[in-house]
Amino acid sequence: MTSRGAQEAEGASTPLAEVMAELAALEDPRVRAVNERHGDDHGINLGRLRAVAKRLKVQHDLARQLWATGDTAARLLAILVCRPKLFGRDELDVMLREARAPKVHDWLVNYVVKKNPHAEALRAAWSADPDPVIASAGWALTTERVAKQPEILDLDALLDVIEAEMRDAPDRLQWAMNHCLAQIGIERAEHRARAIEIGERLEVLKDHPTPPDCTSPFAPVWINERVRRRQTV
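Residues numbered from 1 in each chain as written. Predicted model: local features only at pLDDT ≥ 70, side-chain atom pairs only at ≥ 80, totals over all residues. Heavy atoms only, no water.

Q: Explanation requested: the environment of leucine 23 in the structure shown.
A: Positionally, leucine 23 belongs in helix α1 (residues 16–26). When the C-alpha positions of leucine 23 and glycine 43 are compared, they lie 9.4 Å apart, and in sequence the two are 20 residues distant. With near-sequence residues (within four places) excluded, leucine 23 lies in contact with Ile44, Leu49, Ala73, Ala74 and Leu77. (Helix = DSSP H or I, 4+ residues; strand = E, 2+ residues; numbered from the N terminus. Contact = heavy atoms within 4.5 Å.)

Q: Could you clarify how one ought to interpret the nonpolar core in this entry?
A: Within soluble globular proteins, side chains that are nonpolar generally end up buried alongside one another. Core analysis: the biggest nonpolar cluster contains 40 residues, and Leu77 and Leu108 have the highest contact counts within it. Listing elements by their share of this core, those giving two or more residues are α1, α3 (46–56), α4 (60–68), α5 (72–81), α6 (89–98), α7 (102–112), α8 (119–127) and α9 (132–148). Counting residues per element, this core draws most heavily on α5, at eight residues. With near-sequence residues (within four places) excluded, leucine 77 lies in contact with Val19, Leu23, Leu49, Val52, Ala53, Leu56 and Leu66. The next biggest cluster of nonpolar side chains, apart from the first, holds 28 residues, and it includes Ile162, Ala219, Trp222 and Ile223. (Core = buried A, V, L, I, M, F, W, Y, C linked by side-chain atoms within 4.5 Å. Buried < 20%, exposed > 50% of the residue type's maximum accessible area, 1.4 Å probe, protein only.)

Q: Hey, could you run me through the packing of aromatic side chains in this one?
A: How two aromatic rings sit relative to each other is given by the distance of their centres and the angle of their planes. Evaluated as defined, the whole model comprises one aromatic pair. Seen from their ring centres, tryptophan 107 and tyrosine 111 are 5.2 Å apart, and the 40° between their planes marks the pair as tilted. Taken together, the positions of tryptophan 107 and tyrosine 111, both in helix α7 and four residues apart, correspond to about one turn of that helix. With a relative accessible area of 5%, tryptophan 107 lands in the buried category. With a relative accessible area of 15%, tyrosine 111 lands in the buried category. (Phe/Tyr/Trp six-rings, centres within 6.5 Å; stacked < 30°, edge-to-face > 60°.)

Q: Help me understand the side chain of aspartate 40 in this model?
A: Its location among the elements puts aspartate 40 in the loop between α2 (29–36) and α3. We note that aspartate 40 is buried and unpaired, the nearest opposite charge coming from lysine 103 at a distance of 5.7 Å. If we skip the residues at most four places from it in the chain, aspartate 40 touches Asn35, Ala101, Pro102, Lys103 and Val104. (Lys, Arg positive; Asp, Glu negative; His and termini not counted. Salt bridge = Lys/Arg side-chain N within 4 Å of Asp/Glu carboxyl O.)

Q: Looking at this structure, how should I read α3?
A: Since there are 3.6 residues in each turn of an α-helix, residues three or four apart along the chain are aligned in direction. What α3 keeps buried is the set Leu49, Val52, Ala53 and Leu56. All buried residues of α3 project into a common sector of 100° when viewed along the axis, lining one side. Summarising the geometry of α3, the exposed residues directed more than 90 degrees from the buried face are Arg48 and Lys54. One side-chain oxygen of the residue at the start of α3 lies 2.8 Å from the amide nitrogen of glycine 47, identifying that residue as asparagine 45. Phi for lysine 57, located one or two positions after α3, is positive at around 65°. (Arc of directions from axis to C-beta. Polar contact = N/O pair within 3.5 Å; in protein donor to acceptor, adjacent residues only side chain to side chain.)

Shown next as C-alpha cells:
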C-alpha cells in the first residue's frame, strides 16, 4: 500500500515477532490515555507508526499476520503496509466487522476499501446493514461517490433517508450520514437548498464543539463555508 509512507515496491519479509516487539517499545501511556478517550486502545503516536510503515514498505503477507493479532496498533500498521487490491470482498467484510476501534475502522475504509475493486458492492451491502457501525462504513463510501460518481446514486432518495433517519441514528452512523448530507450540499448545487433545509430542521451537530480555526460539522454551516471558499478561489 502506497499511502501513509508505504511504498509501491514489496518490502523484504520481516518477522512478525520483530515488528510486534518494535510496536511494544513505542507504547506511550500518555498517548494511550488520550486515545482511549476516543475508543482507540493503543498508545503509539501515529507519526511514529507511519515511520515504521515507511521503513517496512509494502509487505502484504506481514499485513495479514499483523491484522490477525487483533492488536489495534498492529492493525493500523497492517493497513499501512498492505496491498488494498489483494483483499477479497468477503475478507474485507470480515475485517470491517472485526474493526471496532474507530481509528482502525476509519483507516480500513479510507485507505483500503476505497482502493479495492469490491468497494461499490461493499458500499451497497454495508449501507443496508442493521449494525450501525457497519452501516456507517457504507455511508462513508457513499459520501465519496457523491463527490466522484454522483451519476450512480439516487441523491433524492439519499436525502429522503437522511431526512427520516439521521436525527435518531447512533453517533457514528449519524456522523457519517451528516457528512454525506454536507457533501451533497457542497457538490450538487441542484440539491443544495434541500440539504441545507434538512440540516437546519434536524439540527444534528448544531452545538458540536468546534475549534476557532475549524469549520463546524453542522451541515448548513459546513455547506455554506465550503461553497464560499470555492467561489473565492
